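A structural walkthrough
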Amino acid sequence: MSRSVDLLKKRYLENIKEKPDLFVGVELEYPVVNLEGKATDIEVVKELFWYLSSVLKFTVEKVDDFGNPIQLLDPVSRDTILFEVAYTTVEFAFGRAKSIQEVEERFNFYMATIQNKLGEANHAIVGCGIHPNWDKNENCPVDYPRYQMLMDYLNLSRNVTKSDLHHFPEYGAFICGSQVQLDVSKSNFLRVINAFTQIEAAKAYLFANSEFSGADWDTKISRDIFWEESMHGIYPENVGVNARLFKDEEDFFDYLDHSAIFTAERDGQTYYFYPVQARNYLTTPEIQAFTLNGDEVLIYPQEKDFQTHRSYQYQDLTTRGTIEFRSVCTQPLDRTFASAAFHLGLLVNLDKLEAYLRAAPFFITFGRDYKSLRRQFSKKRLTDEEETAIVEFSKELLFLAEEGLEKRGKQEMTYLQPLKEELGL
């Protein structure tokens, strides 16, 4: 086994339990919008964080370079409210919960407080996968090294001659997603990754919510293009839908070994550089890197750099013993938890899900190139044949998800209602 695979295994397998309890981890990112249609006033949003730190009994976990709170933590629930890349996006990262209702209850409380406060300045959180006023905002990163590094790194695309990268490297400041993390075990994590890779076409159809006005892209999920055709996607194994199903653990880590390392820390300084695949990283003698103020320096690869490795696959094995499902756009506010319920129900019903996917008529008609199926079924207009097939496929998955949630016995089926209505069930 190569040293890089060894380090990746250590990073990603260390916290996976043999028989974990199933907790739900929900992360929701939202644009903060100026209701007058103008740019978001970031002073209003910074003020919101000061306000929340005083009224919600949250502790300030991180501040920006000017001392403004940018990450707040509730010591009891472990819920975090933070800025995601820019001051125009607020993220709720909830502590692990036993049921979706627990999360919803706290979310509703936070939202009422926040919408009330933002309303005083004619601002609000909205349920969109792209900031509606992305073209009016400054789209600058939060004054904090990690976010500055990310934006500077994405900006390197301006110097890449590879012409199929898009021209919106600032996209990190205006795309918003709805993620769910679920506990997996050593024996099922690959099964989960493989099963959910196969249903990305249906998820594209059910959860698309990020049409982009700035380019002529035939997709309702511009997030995919932003990710895949940016610096993050220079190595296709680094982002998006997995190109294949994995035979075993070795096969999976070989794939992960092709993902990218693009940042390192030395003496408290953050550096970024053109991406290097994990498998080549330790044998690269030196790397031309950039500091946050743009100076060029030489750094020498070290094993500890694997500790900040992060890939952006849509079924992402995390360092916490969970799979993070990352392919869903932020949803309209009236269906905030539909995606979490859908994933949770299917995970609980994994045996039946796998059995169904083995012979699903959908794949007999459209094949099994899962990456391109997602792109095909997120188009703005589908043919009658496509529409009929994807609705049928989505209905079957919804039945399986509902059955899984019923098995859990926590009354979470109600969160699937908006999806059922959309499919005419």
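Let me begin by describing the structure that accompanies this report. (Residues numbered from 1 in each chain as written. Predicted model: local features only at pLDDT ≥ 70, side-chain atom pairs only at ≥ 80, totals over all residues. Heavy atoms only, no water.)

**Side note on helix H3 (residues 100-119)**
Compared with an ideal rise of 1.5 Å per residue, which puts 20 residues at 28 Å, H3 spans 27 Å between its outermost C-alpha atoms and is within 8% of the ideal. Turning to H3, its buried residues are Ile100, Val103, Arg106, Phe107, Tyr110, Met111, Thr113, Ile114, Lys117 and Leu118. (Helix = DSSP H or I, 4+ residues; strand = E, 2+ residues; numbered from the N terminus. Expected span 1.5 Å × (residues − 1). Buried < 20%, exposed > 50% of the residue type's maximum accessible area, 1.4 Å probe, protein only.)

**Some words on the packing of helix H10 (residues 338-348) against helix H14 (residues 384-408)**
Close contact between H10 and H14 brings their axes to 7 Å; oriented N to C, the two are set at 75°. With respect to their mutual orientation, H10 and H14 come out roughly perpendicular. Residue-level contacts link Ala341, Phe342, Leu344, Gly345, Leu346 and Val348 of H10 to Leu397, Leu398, Leu400, Ala401, Gly404, Leu405, Lys407 and Arg408 of H14. Class assignment of the residues belonging to the contact of H10 with H14 gives a composition of 10 nonpolar, two polar and two charged. (Axes fitted to C-alpha atoms, helices over the stretch in contact; angles between N-to-C directions. Parallel < 35°, antiparallel > 145°, perpendicular 65-115°, else oblique. Contact = heavy atoms within 4.5 Å. Nonpolar A, V, L, I, M, F, W, Y, C, P; charged D, E, K, R; others polar.)

**Considering the pattern of salt bridges**
For the structure on display, the rule yields 27 salt bridges. Close ionic contact of Asp6 with Arg3 constitutes a salt bridge, the shortest N to O distance being 2.6 Å. A residue pair is termed a helical-turn pair when its members lie 3 or 4 positions apart in one helix, as Asp6 and Arg3 do in helix H1 (residues 3-13) at three residues. Between Arg3 and Glu303 there is a salt bridge; the shortest N-O distance is 2.8 Å. Here Glu303 lies in the loop between strand S12 (296-299) and strand S13 (312-313) and Arg3 lies in helix H1, a separation of 300 residues in the sequence. With relative accessibility at 36%, the residue Glu303 sits in the partly exposed group. (Salt bridge = Lys/Arg side-chain N within 4 Å of Asp/Glu carboxyl O.)

Bear in mind that shape data such as this cannot, by itself, settle questions of function.
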